[in-house]
Amino acid sequence: MRGNIAQMMQQAQRMQENLQRAQEEIAKIEATGSAGGGMVSVTLTGRKECRKVRIDPSILSDQEMVEDLIAAAFNDASNKIDAESQAKMSAATAGMPLPPGMKLPF
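Residues numbered from 1 in each chain as written. Predicted model: local features only at pLDDT ≥ 70, side-chain atom pairs only at ≥ 80, totals over all residues. Heavy atoms only, no water.

**Regarding the overall build of the protein chain**
Thought 1: A tally of helices and strands in the protein chain yields 2 helices and 3 strands.
Thought 2: Element order for the protein chain, N to C, with α for helix and β for strand: α-β-β-β-α.
Thought 3: Counting only contacts in the protein chain whose residues sit at least 6 apart along the sequence, the fraction spanning at least 24 positions is 51%.
Thought 4: As displayed, the protein chain has an accessible area near 7400 Å², and 52% of this comes from carbon and sulfur atoms. (Helix = DSSP H or I, 4+ residues; strand = E, 2+ residues; numbered from the N terminus. Contact = heavy atoms within 4.5 Å. Areas by Shrake-Rupley, 256 points an atom, 1.4 Å probe, with all protein chains shown as cover.)

This is the structure:
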């Protein structure tokens, strides 16, 4: 019994180290979302900090459309970051199921 507990503690420590490494990797990634057929693009870091916004000058006369496209491009980039983060965290936990309601990172 004692050996099982020690083994579980080692596994938990390895998982925590893997999660920390995954968080560091996530912070370094960037994703670009686009909208309006590429007329607007937004680049975010893994921490969802905005790095770059590009707007095609031909649409600048329509403020409402520009605002909508920026929001859509941001959401596209955010969804890409979420997907990449989930993949990295899933790999870090090696498919180990987490208790309901527990979110990553801890």
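**Thoughts on the UniProt feature "coiled-coil region" (unreviewed entry) in the protein chain**
Thought 1: The feature "coiled-coil region" (unreviewed entry), as annotated in UniProt, sits at residues 5–32 in this numbering.
Thought 2: Its end C-alpha atoms 44 Å apart, residues 5–32 is made of 86% helix and 11% strand. (UniProt positions renumbered as here; feature names shortened; annotations may be inferred.)

**Considerations on the pattern of salt bridges**
Thought 1: On inspection of all chains with the given rule, the structure shows 5 salt bridges.
Thought 2: Lys88 serves as the salt-bridge partner of Glu25, at 3.4 Å between the closest nitrogen and oxygen. Placement of Glu25 in helix 1 (residues 2–28) and of Lys88 in helix 2 (residues 63–92) is noted, with a sequence separation of 63 residues between them.
Thought 3: Among the ionic pairs, Glu30 bridges to Arg51, the shortest N-O distance being 3.5 Å. Of this pair, Glu30 sits in strand 1 (residues 30–35) while Arg51 sits in strand 3 (residues 50–55), and the two are 21 residues apart along the sequence.
Thought 4: Taking the relative accessible area as the measure of exposure, Arg51 reaches 55% and is therefore exposed. (Salt bridge = Lys/Arg side-chain N within 4 Å of Asp/Glu carboxyl O. Buried < 20%, exposed > 50% of the residue type's maximum accessible area, 1.4 Å probe, protein only.)

**Notes on the nonpolar core**
Thought 1: The biggest cluster of nonpolar side chains holds 12 residues, and these are Ile29, Ala31, Ala35, Val40, Val42, Leu44, Ile59, Val66, Leu69, Ala73, Ala77 and Ile81.
Thought 2: Elements represented by at least two residues in this core include exactly strand 1, strand 2 (40–45) and helix 2.
Thought 3: With 5 residues, the single largest contributor to this core is helix 2.
Thought 4: The contacts of Ala73, once residues within four sequence positions are left out, are Gly33, Ser34, Ala35, Val40, Ser41 and Val42.
Thought 5: Listed in part, the 6 residues of the second largest apolar core include Met15, Leu19, Ile26 and Ala92. (Core = buried A, V, L, I, M, F, W, Y, C linked by side-chain atoms within 4.5 Å.)

**Overview of unusual backbone geometry**
Thought 1: For Lys48, which is not a glycine, the phi torsion comes out positive at approximately 65 degrees.
Thought 2: The residue Lys48 is located in the loop between strand 2 and strand 3 in this model.

**Some remarks on a negative patch on the surface**
Thought 1: Residues Asp62, Glu64, Glu67 and Asp68 make up a contiguous surface patch of negative charge.
Thought 2: With respect to the helices and strands, the residue Asp68 is situated in helix 2. (Patch = residues over 30% accessible without salt bridge, like charges linked within 9 Å, V, L, I, M, F, W, Y side chains within 5 Å. Lys, Arg positive; Asp, Glu negative; His and termini not counted. Charge placed at Lys NZ, Arg CZ, Asp CG, Glu CD.)

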